[in-house]
Amino acid sequence: MVCRRSSLAWLLLAVLLVQGGGSIRITRVRVPSWLEVGGQGDLDCWWEEDADHMYSIKWYQGAHEFYRYTPTARDPIQIFDPSTLDVDREKSWGGSVRIANVSLAAEGPFHCEVSADGPTFHTASDSATLTIIDLPDGAPVIEGVRSYYLAGDWVDLTCTSLKSKPAARLSFSINTEPASPGWLESQKDQLDGDGLTTSSLRLRFSLLPRLLQEDNQVRVECVSEIPGVYRMATYDVLSTNPPYQASVLGGGAAAAGTHSSLALIFPLLLSSMVAHQLL
Ligand SMILES: *[C@@H]1O[C@H](CO)[C@@H](O)[C@H](O)[C@H]1NC(C)=O
């Protein structure tokens, strides 16, 4: 037993010597998995040195070097702001960089490069990928709602979510049940020149009496979602009460209770943004 353990130790030492060889190594590169356009976050680079000593650390976005840390220099931090992001000098030191005001074009690989001083001048580099998210402009919008319907009428609605990256996933529900797949066309995604997608989903169904709930109404909800990041819902009420009836009953001039939409923001996005900013 003793013999096997000591030979295992020798083996480990041999592996370490072969792998290490006294050079400088990057042990971990971490960037936020995603940031919202205009947001901020921290990039971290960890390294290990044996015989070598770290001389400089550089951060690259794609091919562009935007940050250099050289502890022996009179001015240890140099920043070369790219057009895709800003570096917060106050919050950056060593291998850790706070980036802010990120644009869509900041998406992609970020490289950390650590160099040793002489006599070896070894260099190690590693990368991690940042995804930039642009949330839809406002809540989804449901179009095509008429002021009232007759039982059996065709309902033809389109829900639209404006300008996001990635494309939002749209879904309809009717009286809280998911709309039957046969009533839906496939979602249309239109990519514009800014790299943002406007998505729309069309729902068509016959206003069968069984769908009518109390007060002769059907509630239709559209949800726009970027899984894990964003979810927003809008609803409309379809009514078979003629408008004159509503204005008599309600005493007001308004049409029957249609177009009353409500948007709900779920705290998912906010909490994850806060988490990114606190890290
Ligand atoms: C981000 O942009 C704002 C507005 O242009 C600017 O005031 C701020 O200094 C920028 N942040 C950094 C870290 O450069």
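For the structure itself, consult the block above.
So, how was this worked out
- All chains use their own residue numbering, which begins from 1 and follows the written sequence.
- With pLDDT at 70 or above as the cut-off, local features in this predicted model cover only qualifying residues; side-chain atom pairs require 80 or more to be listed or tallied, and sums for whole chains, interfaces and linings still use all residues.
- To get the side-chain values, all heavy atoms of the structure are used, and hydrogens and water are removed first.
- A pairing counts as a salt bridge when a side-chain nitrogen of Lys or Arg comes within 4 Å of a carboxyl oxygen of Asp or Glu.
- Numbering goes from the N terminus for both helices and strands, where a helix is a DSSP run of H or I of at least four residues and a strand is a run of E of at least two.
- To sort residues, take the accessible area from a 1.4 Å probe on protein chains only and compare it with the maximum for the residue type: under 20% means buried, over 50% means exposed, and anything in between is partly exposed.
- Here a Phe, Tyr or Trp ring, Trp counted by its six-membered ring, pairs with any other such ring whose centre lies within 6.5 Å, and the pair is stacked when the planes are under 30 degrees apart, edge-to-face when over 60, and tilted otherwise.

### Examining the pattern of salt bridges
- One pass over the structure, following the stated rule, counts 15 salt bridges.
- Residues Asp-194 and Lys-163 are paired through a salt bridge, measuring 3.5 Å at the closest nitrogen-oxygen approach. Highlighted residues: Asp-194 in the loop between β15 (188-191) and β16 (197-206) and Lys-163 in strand β12 (residues 154-164), separated in sequence by 31 residues.
- For Lys-163, a relative accessible area of 26% gives the class partly exposed.
- Shared partners join several salt bridges into a network, and the residues in it are Asp-156, Glu-185, Lys-188, Arg-202 and Arg-204.

### Some remarks on the packing of aromatic side chains
- In the structure shown here, the tally under the stated rule is 3 aromatic pairs.
- Seen in terms of ring centroids, Phe-66 and Phe-110 are 6.0 Å apart; in terms of plane orientation they differ by 85°. Their pairing is edge-to-face. With Phe-66 in strand β5 (residues 64-69) and Phe-110 in strand β9 (residues 108-116), this residue pair connects regions lying 44 residues apart in the sequence.
- Look at Phe-66 and you get buried, because its relative accessible area is 0%.
- Classification of Phe-110 by relative accessible area gives buried; the value is 0%.
- Ring geometry for Tyr-69 versus Trp-93: centroids 5.1 Å apart, planes at 65°, classification edge-to-face. With Tyr-69 in strand β5 and Trp-93 in the loop between β7 (86-87) and β8 (97-100), this pair connects stretches of sequence that are 24 residues apart.

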